[in-house]
Amino acid sequence: MQSSNGRPRGTGAGAESTAEHRTGLGQARAAVSGDMRYDDPWYDALASGWGEPAGADVPAAEPARRAQEVRAAAAADVYLEVQRSAAFQEVRRRYRRFVVPGVFVFLTWYVTYVVTATTAPGLMARPVAGAVNVAMLAGLGQFLTTFLLAWAYARHARLRRDRAALDLRWDTQELTRSVRDGAL
């Protein structure tokens, strides 16, 4: 079996010694220093534009690539402009006004459950109805509050943020489309 550079692969029994491997690395380093080797599959300096002579002609694709880079930079400016807009800041403010208190309340409830379970096992073991005790009810309450919080988050997003976020998305797409088509 041969490797991608045409040499037979070593079987691990010494067919390709460490010295031969180091020699191959030395050749790749020599290629970087100026002695171009096109047959080395690990040397991709020409693919990236390195190692070309100083007076080399600019490829025909170079102006198109530069134009594409300019459009990409303009598109990035569009996203920065949208991020600085009052509408985007309002969506983010509404998001934070719901999420920060929600996370605080849920984490407080969870830590209270864990601390109570470890520091007051007698309270948690108190029976409520038959084999059901306070710990079981509190644990089920954790699941219930998780689902309740997820429902409240989805409802808040639907009523307070989704329409404004969708408007921002359409505006952003229109702006990036006009940049891409060269209208700006």
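Residues numbered from 1 in each chain as written. Predicted model: local features only at pLDDT ≥ 70, side-chain atom pairs only at ≥ 80, totals over all residues. Heavy atoms only, no water.

Counting 5 residues, the largest nonpolar core consists of Val78, Val82, Val91, Leu168 and Val179. Those elements that provide at least two residues to this core are α3 (62-84) and α6 (134-180). (Core = buried A, V, L, I, M, F, W, Y, C linked by side-chain atoms within 4.5 Å. Buried < 20%, exposed > 50% of the residue type's maximum accessible area, 1.4 Å probe, protein only. Helix = DSSP H or I, 4+ residues; strand = E, 2+ residues; numbered from the N terminus.)

Counting along an α-helix, one turn takes 3.6 residues, and residues three or four places apart therefore face a common direction. At Arg161, α6 shows its maximal bend, which comes to roughly 55 degrees. Taken residue by residue, α6 has Ala138, Gly139, Gly141, Gln142, His156, Ala157, Arg161, Leu168, Thr172, Thr176, Ser178 and Val179 as its buried positions. Backbone nitrogen of Ala135 and a side-chain oxygen of the N-cap are separated by 3.3 Å at the start of α6; the cap is Asn133. (Bend = angle between axes of the 7 residues up to and from the residue. Polar contact = N/O pair within 3.5 Å; in protein donor to acceptor, adjacent residues only side chain to side chain.)

With that settled, consider a positive patch on the surface. Positive charge collects at one region of the surface, where Arg97, Arg155, Arg158 and Arg160 lie side by side. No other element matches the 3 residues that α6 contributes to the positive patch. Looking at the element boundaries, Arg158 is found in helix α6. For Arg158, a relative accessible area of 53% gives the class exposed. (Patch = residues over 30% accessible without salt bridge, like charges linked within 9 Å, V, L, I, M, F, W, Y side chains within 5 Å. Areas by Shrake-Rupley, 256 points an atom, 1.4 Å probe, with all protein chains shown as cover. Salt bridge = Lys/Arg side-chain N within 4 Å of Asp/Glu carboxyl O. Lys, Arg positive; Asp, Glu negative; His and termini not counted. Charge placed at Lys NZ, Arg CZ, Asp CG, Glu CD.)

This next bit is on the confidence of the model for the protein. Averaged over all residues, the pLDDT of the protein equals 76, while 62% of them reach at least 70. Mean pLDDT per element in the protein: helix α1 (residues 18-33) is the minimum at 48, and helix α4 (residues 86-119) is the maximum at 93. The model gives residues 12-22 a pLDDT under 50, and that stretch makes 4 contacts with residues more than four places away or in other chains. Contacts for the low-pLDDT stretch residues 24-32, under 50 throughout, to residues beyond four places or in other chains number 8 contacts. (pLDDT = per-residue confidence, 0-100. Contact = heavy atoms within 4.5 Å.)

The subject of this paragraph is the pattern of salt bridges. Counted according to the given criterion, the structure contains 2 salt bridges. Arg93 serves as the salt-bridge partner of Glu90, at 2.3 Å between the closest nitrogen and oxygen. Placement of both Glu90 and Arg93 in helix α4 is noted, with a separation of 3 residues, approximately one turn of the helix. Look at Arg93 and you get partly exposed, because its relative accessible area is 32%. The shortest N-O distance in the salt bridge between Arg94 and Glu90 comes to 3.0 Å. Note that Arg94 and Glu90 are positioned in helix α4 at a spacing of 4 residues, about one turn of the helix. Judged by its relative accessible area of 25%, Glu90 is partly exposed. Each of Glu90, Arg93 and Arg94 takes part in salt bridges that share partners, so that together they form one network.

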